[in-house]
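Chain by chain, the residues:
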Amino acid sequence: MTEAMYYILLALMNPNHGYQLMAAIEQVSNGRIKMGPGTLYGVLTRLQKDNLIEILSDDGRRKTYAITEEGRVALKTEYERLKEMIQDGRIIEG
Amino acid sequence: MGKIVKRLMLDDIYAIGRNESWFSAMASEGLHLKKSGRLFVYFEKGEPKKTKYRMDYLKEAPSQEQLDVYHDCGWNFITNSGYFYIFSADEKSCTTELHTDPIEQGFSLSELNKRLRNNLIIISIAMLLFLGMMISIYYFNDEPFLLMIKGQFVQQMLLVIVELYVFYSVIRNYITIHKLKQSLLQGAEINHNEDYRKARLLGGILAGIYMPLALFTIIIPFVEFAKSKDYTLPEGNANLPIIRLEEIEKSSNLMRETGYNGNNVDWANRVSYDWNLLAPVQYEIDEHGVVRGEMWEDKSGVYSPSITTRYYKLTFGSMAENLTLDLINRYVWRDNTEVKDINHPKFDKLAIAQDDIHKQIFAYLDNQVVYVTYYGKERIEEIIPLLAQKMIAYQERMAEVQ
């Protein structure tokens, strides 16, 4: 899972749409990630195709995306993997 | 609105970084991208402005919401060329880069990469079939040189070159996207200021060669058609490289025997002229006569001699020998007919075949090839000197005209 995927899934724990989603990503990453709109929509398209996210509502003007159950499982798995990586890395701090 | 300026799209549309860089360079000269097609790119004349451009590959047309989001980030949609959507932003504005994750961008090109690879496979097969067909047309033909002269050889060869260019473009498309995808997946971002000059120059040179060739390929058949003509052989002197019946036959009772008349041409006494790049002068001329009061030796009917001449003036004299051999191969049908080569000072090659009243002469001199068929009583040995005269005279007349 790429970093962009990870943060979009994370941000979509709360259903959201387009521009606000970018703000939400910036927020959950503590301002570290300013995702470009091209990347955002590229990843949204791909996640949707992989059924990791879904469109909650589409009133023609704006689409609201949300994470799916499958998405949550994938995110959780990735989270566990990252956590283990952090734990394994402890030796660096001595 | 400013004036619209058109420029050839000389580079590969898939060379994203180079095209973006080119658009920026144009904008800084006051030419702002308006529309992009496969062949032409349209710019609107205005004030020079530092502008950055981004090409985004979007499989699905972006929704208004998506365009709004791009816009809120500083990117204005300009135009699209196929699946490539082009956005621009002021160089000075603090916009978020369109793509912030090269690996994700690499993924987005995977589908395109696959499509171009399939294209390449299909066109490779088509190319192989096409080349195979072209080669077999000439390789398996018994008279390839005759086919070249009578057929569309030059046009076919040009077509091969044009096809090769198309093939080259498809290969180039695929390599460009494949390389781009690989480098993105390795985390390298697109160089938005990549030098575009060399690629455009090369593209320009190739297009400069290819387009006239393509045009030429289209025009040739029309020229051939326009130049070709059929008409009835005049009774008097026609300034043609042929022996007339009256020069061969001894009887003063010789009259013309007319045949089927269609399109105002007497097809028993007709001149067909054709033009071809390899043989700019081609004649096929028939003449039929009848001698009242005289019979064929076997008493089968009234004596009616005829002569057919096929004459070719070649662009390349080096083809004369092979064309003559092809003519012999094509027109001497009977296996037991003996073809005799004769050393004759006036010809580079002379061969004759004789089967009772059917007499055939094949000859070439420099770049003139001639084949004469005569049905009649007169002896072939008496016709040969006449033929030599005609060819030399025609050659001299042509030299005078030029």
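Residues numbered from 1 in each chain as written. Chains lettered and ligands numbered in written order. Predicted model: local features only at pLDDT ≥ 70, side-chain atom pairs only at ≥ 80, totals over all residues.

### A look at the overall build of chain A
- In terms of helices and strands, chain A carries 5 helices and 2 strands.
- From first element to last, N terminus to C terminus, chain A shows the α and β order α-α-α-β-β-α-α.
- Projected onto its principal axes, the C-alpha coordinates of chain A cover approximately 55 × 25 × 20 Å.
- Going through the 94 residues of chain A one by one, you find that 33% of them count as buried.
- Sequence-distant contacts, at least 24 apart, represent 44% of the contacts inside chain A between residues at least 6 apart. (Helix = DSSP H or I, 4+ residues; strand = E, 2+ residues; numbered from the N terminus. Buried ≥ 20, exposed ≤ 12 C-beta atoms within 10 Å, placed from the backbone. Contact = placed C-beta atoms within 7 Å.)

### Description of the packing of helix α1 (residues 3–11) of chain A against helix α2 (residues 18–28) of chain A
All names here are of chain A.
- It is at 9 Å that the axes of α1 and α2 come closest, and there the two elements cross at 105°. Taken together, the axes of α1 and α2 lie roughly perpendicular to each other. Contact with α1, carried on its side by Tyr-7, Ile-8, Leu-10 and Ala-11, involves Leu-21, Ala-24, Ile-25 and Val-28 of α2 and no other residues of that element.
- Within the contact of α1 with α2, the residues separate by chemical class into 8 nonpolar, no polar and no charged. (Axes fitted to C-alpha atoms, helices over the stretch in contact; angles between N-to-C directions. Parallel < 35°, antiparallel > 145°, perpendicular 65-115°, else oblique. Nonpolar A, V, L, I, M, F, W, Y, C, P; charged D, E, K, R; others polar.)

### Topic: the sheet that holds strand β2 (residues 31–36) of chain B
Residue and element names in this part refer to chain B.
- Spatially, 3 strands are ordered β1-β3-β2 in an open sheet, and the strand pairing comes out antiparallel. Each edge of the sheet is formed by a strand with only one pairing partner; in this case those strands are β1 (4–8) and β2. Averaged over all neighbouring strand pairs, the angle between strand axes comes to 35°, with direction disregarded.
- Pairing analysis gives 5 bridges linking β2 to strand β3 (residues 40–45), with the strands arranged antiparallel. Directly across from Lys-35, in β3, lies its bridge partner Tyr-42.
- Packing against the sheet, helix α1 (residues 16–27) makes contact with β2 and β3, and its axis sits at approximately 135° to β2. (Pairing = 2+ DSSP bridges.)

### Brief notes about the sheet that holds strand β4 (residues 51–57) of chain B
All names here are of chain B.
- What the 3 strands build is an open sheet, ordered β4-β6-β5; its pairing is antiparallel. Of all strands in the sheet, those bounded by a partner on one side alone are β4 and β5 (76–81). Going from strand to strand, the sheet's axes swing by 25° on average, the running direction of each strand aside.
- The pairing of β5 with strand β6 (residues 84–90) spans 5 bridges and is classified as antiparallel. Residue pairing across strands places Asn-76 opposite Ser-88, the latter belonging to β6.

### Things to note about α1 of chain B
Residue and element names in this part refer to chain B.
- Along its 12 residues, α1 runs 17 Å from first to last C-alpha, staying within 8% of the 16 Å computed at 1.5 Å per residue.
- With 9 of 12 residues buried, α1 lies mostly within the body of the structure.
- Summarising the contacts, the buried residues of α1 are in contact with β2, β4, α6 (153–185) and α7 (197–227). (Expected span 1.5 Å × (residues − 1).)

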